Amino acid sequence: MRRLAVFLASSDGHDPAHAELAAGVGAELARRGIGLVYGGGRRGLMGVLADGALRAGGEVVGVIPRSMVEREWAHEGVTELVVCDSMHERKAMMAEYADAFVALPGGLGTLEEIFEVWSWRQLGFHAKPVGFLDAGGFWTPLLGALRGLADAGFLPAPTLDDLAVAPDLPGLLEVLEERLRGTQRPAHGENPRQLDR
């Protein structure tokens, strides 16, 4: 894996453990020589993640809309800051830069981003693996709700099983790497059409 896209909060949250996790993920990616792709912000967990990777000598690619740069939300110290025109373009560019996608603790924006790339995978628009870092059980309630959707017939079981989930980064990276070494076909088996580099 050359680069990993990480979606997470632009705020701090209430639990300091989330910031510790973000910093640790950034540092560990750098240690493993995996570039970080993220939303380009300097605030909240996003900034902590980027700083953790930068302090450890890692590559950090931030992708951020111009309007957010104008509000001075951008992290100017990253390896590469890619400025785009819209949120839609931001997500598409992050997907192009990355080989896989992971969600850390976050809110609506994080959910929207990870669900979009996961649905793209299901539909065959790309074959890049998608996962949740379930440290401390943060995502466990959501994963339970997703299981409920599958049980109700609204989410194919293979699609849910295709999601990579682990309580720690080394375990999650191992699953993502297994997906990358495999056939890389989406859950429904469609031919990938976009975003593969």
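Here, every reference points to the structure presented above.
Residue positions are given per chain, counted from 1 along the sequence in the order it is written. In view of the model being predicted, local features appear only for residues whose pLDDT reaches at least 70, and side-chain atom pairs are presented and counted only at 80 or more, with totals across whole chains, interfaces and linings using the full set of residues. Side-chain numbers here rest on the full set of heavy atoms in the structure, without hydrogens or water.

Caption draft 1: Spatial organisation of the layout of surface pockets. Residues are called lining when one of their atoms sits within 4 Å of a cavity or pocket point, these points coming from a 1 Å grid over the protein atoms alone, where a cavity is a set in which a 1.4 Å probe fits but cannot get out and a pocket is an open set with protein on both sides within 12 Å along at least five of seven lines. Grid points are joined across faces, edges and corners, and a volume is the space filled by probe spheres set on the points. Computed from the structure, the largest pocket encloses a volume of approximately 370 Å³. Along the walls of the largest pocket sit 23 residues, with Leu8, Ala9, Ser10, Met46 and Arg90 positioned nearest its centre. Helical segments are the DSSP runs of H or I of at least four residues, strand segments are the runs of E of at least two, and each set is numbered from the N terminus. Every element with two or more residues in the lining of the largest pocket is listed here: strand 1 (3–7), helix 4 (87–97) and helix 5 (108–123). The biggest single contributor to the lining of the largest pocket is helix 5, with five residues. Amino acid classes used here: Ala, Val, Leu, Ile, Met, Phe, Trp, Tyr, Cys and Pro are nonpolar; Asp, Glu, Lys and Arg are charged; the rest, including Gly, are polar. Classifying every residue of the lining of the largest pocket gives eleven nonpolar, seven polar and five charged.

Caption draft 2: Structural view of the sheet that holds strand 7 (residues 164–166). Pairing in this open sheet of seven strands is parallel, and the strands run 4-3-2-1-5-6-7 from one edge to the other. The outermost strands of the open sheet, each flanked by one partner alone, are strand 4 (80–84) and strand 7. The average angle at which neighbouring strand axes cross in this sheet is 25°, direction not considered. Across three bridges, strand 1 lies against strand 2 (residues 35–38) in parallel orientation. Its bridge partner being in strand 2, Leu4 is matched across the sheet by Leu36. Where helix 4 meets the sheet, it contacts strand 1, strand 2, strand 3 (60–65), strand 4 and strand 5 (100–103), and its direction lies at approximately 160° from that of strand 3. The contact criterion used throughout is that any non-hydrogen atoms of two residues lie within 4.5 Å. Under this scheme, a helix contributes an axis fitted over its contacting stretch, all axes are lines through C-alpha atoms, and angles between N-to-C directions fall in the 0 to 180 degree range. Sheet strands in contact with helix 8 (residues 169–181) are strand 1, strand 5, strand 6 (130–133) and strand 7, and its direction is about 160° off that of strand 7. Any two strands with at least two DSSP-identified bridges between them are counted as paired.

Caption draft 3: Representation of the packing of aromatic side chains. Side-chain rings of Phe, Tyr and Trp, where Trp is taken by its six-membered ring, are said to pair if the distance between their centres is within 6.5 Å; with planes under 30 degrees apart they count as stacked, over 60 as edge-to-face, and otherwise as tilted. For the structure on display, the rule yields four aromatic pairs. Relative to Trp118, the ring of Phe115 has its centre 6.1 Å away and its plane inclined at 25°; by these criteria the two rings are stacked. Of this pair, Phe115 and Trp118 are both found in helix 5, three residues apart, which corresponds to roughly one turn of the helix. Given the relative accessible area of 27%, Phe115 is considered partly exposed. Buried means the residue's accessible area, taken with a 1.4 Å probe over protein chains only, is under 20% of the maximum for its type, while exposed means over 50%, and partly exposed covers the values in between. For Trp118, a relative accessible area of 6% corresponds to the buried category. Pairing Phe132 with Trp139 gives two aromatic rings, centres 5.1 Å apart and planes at 70°, and the pair type is edge-to-face. Phe132 sits in the buried class, given a relative accessible area of 0%. Charge-over-ring placement is defined geometrically: NZ (Lys) or CZ (Arg) within 6 Å of the ring centre, and within 35 degrees of the ring normal. A cation sits over an aromatic face here: Arg71 above Trp73, 4.8 Å from the ring centre.

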